[in-house]
Amino acid sequence: MGASAKKPIVLSGIQPSGNLMLGNYLGALRSWAGLQQTHECIYCIVDLHAITVPQDPAELRARTRETLAIYLASGIDPRKSLIFVQSQVPEHAELAWILGCHTWLGELERMTQFKDKSAKKKSVGAGLFFYPVLMAADILLYQANLVPVGHDQKQHIELARDIAIRMNGMYAEKFPGPSQVTQNKEVKEALPLFVVPEPFIPAVGARIMSLQEPTAKMSKSDPIPNATVFLGDSDDEISRKIKKAVTDSGTEIAYTGEKPGVKNLISIQSAITGKAPDEIVASYAGKQYGHLKAETAEIVVECIRPLREKFKGLLADRGELDRILKKGADAARVRAAKTMEHVKEALGFLA
Ligand code: TRP
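Please read all numbers here as calculations on a predicted model, not as lab measurements. (Residues numbered from 1 in each chain as written. Predicted model: local features only at pLDDT ≥ 70, side-chain atom pairs only at ≥ 80, totals over all residues. Heavy atoms only, no water.)

S.K.: Help me understand the overall build of the protein chain in this model?
M.R.: Tallying secondary structure elements over the protein chain gives 13 helices and seven strands in all. In terms of overall dimensions, the protein chain has a C-alpha envelope of 75 × 50 × 45 Å along the principal axes. Out of the 351 residues in the protein chain, the part that is buried amounts to 47%. Taking the contacts inside the protein chain whose residues are at least 6 apart along the sequence as the reference set, 75% of them involve residues at least 24 apart. On the protein chain, roughly 17,700 Å² of surface is accessible, and the fraction owed to carbon and sulfur atoms is 55%. Within the protein chain, one finds 44 positive and 40 negative side-chain charges whose respective centroids are separated by 1 Å. (Helix = DSSP H or I, 4+ residues; strand = E, 2+ residues; numbered from the N terminus. Buried < 20%, exposed > 50% of the residue type's maximum accessible area, 1.4 Å probe, protein only. Contact = heavy atoms within 4.5 Å. Areas by Shrake-Rupley, 256 points an atom, 1.4 Å probe, with all protein chains shown as cover. Lys, Arg positive; Asp, Glu negative; His and termini not counted. Charge placed at Lys NZ, Arg CZ, Asp CG, Glu CD.)

Below, the structure written as structure tokens:
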């Protein structure tokens, strides 16, 4: 390995469904920005995934730009990372079809997210069923090594791995790679079609819980009022929500599963400040829940305010947002085309 050893490729995506919240920032966006120092990063806005449920076109357009603005406000930098909208790179849908022809029906039927999402519905679009295959295409198209996601997406990454391993096995020997000379003999090493990706689940802030039901994850679609701090909330709204957070009837400030509400506030503080939970607990010796809530509120307000302000500034210049996306899509297509060339040759499609 020389000095130019390649950095591992990271790829992830968020649906442009709006309403991103504190957990998305602390658990995902902030760490995605951090990964830019050590990895080659690809961050996608997955609008093709968004249409697996009905969308209003004007809303979708607005949310897509907003998602880009949130990426940028979080420190994801288009000079360091490849940022683009999935539908602007048609190779995603193209590869998804090919992968789907190498995926078993039973594999998709086993996906727990599909089972959950379809259980409550009278009729279910085929896109919802095919969703994990499209996600596999997002990942395999760029030969990504690591995929930062929440726990709920782990099963989808496993599927992407299974498809990659299966297709590598089926097609590798039919697609010989460049010649290599080893021990004076020229050998053609079979080139796998796809890198087999690994899930990458960030530990910090991965489990920010609902403020109202602290045994459930904080969610952007939680119908319970005051359960979720959104990245667009005003300082006052944030403060109010945190001061109303459910704790318990006790008085002791401790970091334990028996006090999920108190634990959650400490976790939030810890995720933002980087202080260990024990250190935070120690600083509240002799104090009350009111103190913990007031200080947590202040810490969250200070964390979100700059993000919200940057976000608003960025959204004001739509032309610039669209230019960033155009550049991103152009660069993404160049990379995607390389994989598609290999795939098509391996499968026997004419060039
Ligand atoms: N399914 C992911 C989610 O809902 C979003 C997603 C789509 C994604 N394609 C991806 C995440 C590729 C990582 C990699 O969170």
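S.K.: Even after reading the chapter, I still don't get the pairing of strand β1 (residues 9-14), so can you show me in this structure?
M.R.: Two faces belong to every sheet, and in a regular strand the side chains alternate between them. With respect to burial, β1 is a largely interior element, five of its six residues being buried. Examined bridge by bridge, β1 and strand β2 (residues 40-45) share six bridges and lie parallel to one another. Bridging from a neighbouring strand, I9 pairs with E40 of β2. Between the parallel pair β1 and β2, the chain is carried across by helix α1 (residues 22-35), and the sense of this crossover is right-handed. (Pairing = 2+ DSSP bridges. Right-handed = clockwise from strand over helix to strand, strands pointing away.)

S.K.: Can you walk me through the site of the ligand in this structure?
M.R.: Taken together, 13 residues are adjacent to the ligand, and H49, Y131, M135, D138 and Q153 come closest. Between D138 and the ligand, the recorded distance is 2.6 Å, taken from a side-chain N or O atom to a nitrogen atom. Residue Q153 places a side-chain N or O atom 2.9 Å away from a nitrogen atom belonging to the ligand. In isolation the ligand offers 370 Å² of accessible surface; the protein chains occlude 88% of this area. According to the grid-proximity analysis, the pocket containing the ligand is the largest pocket. Elements represented by at least two residues in the shell around the ligand include exactly β1 and α7 (126-141). Of the residues forming the shell around the ligand, the biggest block, four residues, is contributed by α7. Class assignment of the residues belonging to the shell around the ligand gives a composition of seven nonpolar, five polar and one charged. (Near = heavy atom within 4 Å. Polar contact = N/O pair within 3.5 Å; in protein donor to acceptor, adjacent residues only side chain to side chain. 1 Å grid on protein atoms, 1.4 Å probe; cavity = no way out; pocket = protein on both sides within 12 Å on 5 of 7 lines; lining within 4 Å. Sits in = over half its atoms within 2 Å of the grid points. Nonpolar A, V, L, I, M, F, W, Y, C, P; charged D, E, K, R; others polar.)

S.K.: What is the right way to read α7 from this model?
M.R.: Because an α-helix packs 3.6 residues into every turn, residues spaced three or four apart end up facing the same way. Under the 1.5 Å per step criterion, the end-to-end length of α7 is 22 Å for 16 residues, consistent within 8% with the ideal 22 Å. At P132, α7 shows its largest kink, close to 40 degrees. Most of α7 sits out of view: 13 of its 16 residues are buried. Looking one or two residues beyond α7, the residue adopting positive phi is Q143, at roughly 55 degrees. (Expected span 1.5 Å × (residues − 1). Bend = angle between axes of the 7 residues up to and from the residue.)

S.K.: I keep staring at the environment of Q37 and nothing clicks. Help me out?
M.R.: Inspection of the secondary structure puts Q37 in the loop between α1 and β2. Remark: the alpha-carbon pair of Q37 and K80, spanning 43 residues in sequence, is separated by 8.5 Å. Residue contacts for Q37: discarding those within four places in its chain leaves K7 and K80.

S.K.: Any chance you could explain empty space enclosed by the protein here in plain terms?
M.R.: Where empty space is left becomes clear once a probe the size of a water molecule has been rolled over the atoms. In the structure shown here, the tally under the stated rule is one cavity of 30 Å³ or more. For the largest cavity, the full set of lining residues is M111, Q113, F114, K117, L128, Y131, P132 and H156. The residue inventory of the lining of the largest cavity, partitioned by class, reads five nonpolar, two polar and one charged. (Points joined across faces, edges and corners; volume = space filled by probe spheres on them.)

S.K.: I would appreciate a short explanation of the side chain of Q269 in the present structure.
M.R.: Along the chain, Q269 turns up in helix α10 (residues 260-273). Q269 has contacts with G274, I280, Y284, L292, E295, T296 and I299, leaving out every residue within four places of it along the chain.

S.K.: Just checking my understanding: could you explain the domain arrangement of the protein chain for this structure?
M.R.: Accessible area lost during the coming together of the parts is what is often quoted as the interface size. Segmentation of the protein chain into domains returns domain 1 (9-206 + 318-347) and domain 2 (235-312). One C-alpha centre belongs to domain 1, the other to domain 2, and the line joining them spans 34 Å. Across the boundary between the two partners, domain 1 contributes eleven residues, which contact nine residues of domain 2. Each partner contributes to the roughly 840 Å² buried at the junction of domain 1 and domain 2, and carbon and sulfur atoms together form 83% of this total. When the buried area of domain 1 at its contact with domain 2 is split by residue, L22, Y25 and A73 rank highest and sum to 52% of it. Our enumeration of links across domain 1 and domain 2 arrives at zero salt bridges. Remark: the boundary between domain 1 and domain 2 carries one residue pair in polar contact (both at pLDDT 80 or more). The set of elements that each furnish at least two residues to the side of domain 1 that touches domain 2 consists of α1 and α3 (57-73). (Domains from an automatic or database assignment. Buried area = accessible area lost by both parts, 1.4 Å probe. Salt bridge = Lys/Arg side-chain N within 4 Å of Asp/Glu carboxyl O.)

S.K.: Please clarify how the pairing of β2 should be interpreted in this entry.
M.R.: Buried residues dominate β2, accounting for five of its six residues. Across four bridges, β2 lies against strand β3 (residues 82-85) in parallel orientation. Paired with Y43 across the two strands is I83, which belongs to β3.

S.K.: Is there a simple way to explain the environment of S219 in this structure?
M.R.: Residue placement: S219 occurs in the loop between β7 (198-200) and α9 (235-243). With a relative accessible area of 24%, S219 lands in the partly exposed category. Taking the C-alpha atoms as reference points, S219 and M209, separated by ten residues in sequence, lie 8.1 Å from one another. Residues in contact with S219, not counting those within four places in the same chain, are M21 and T228. Here the side chain of S219 touches S221 through a polar contact of 3.0 Å, landing on its backbone nitrogen.

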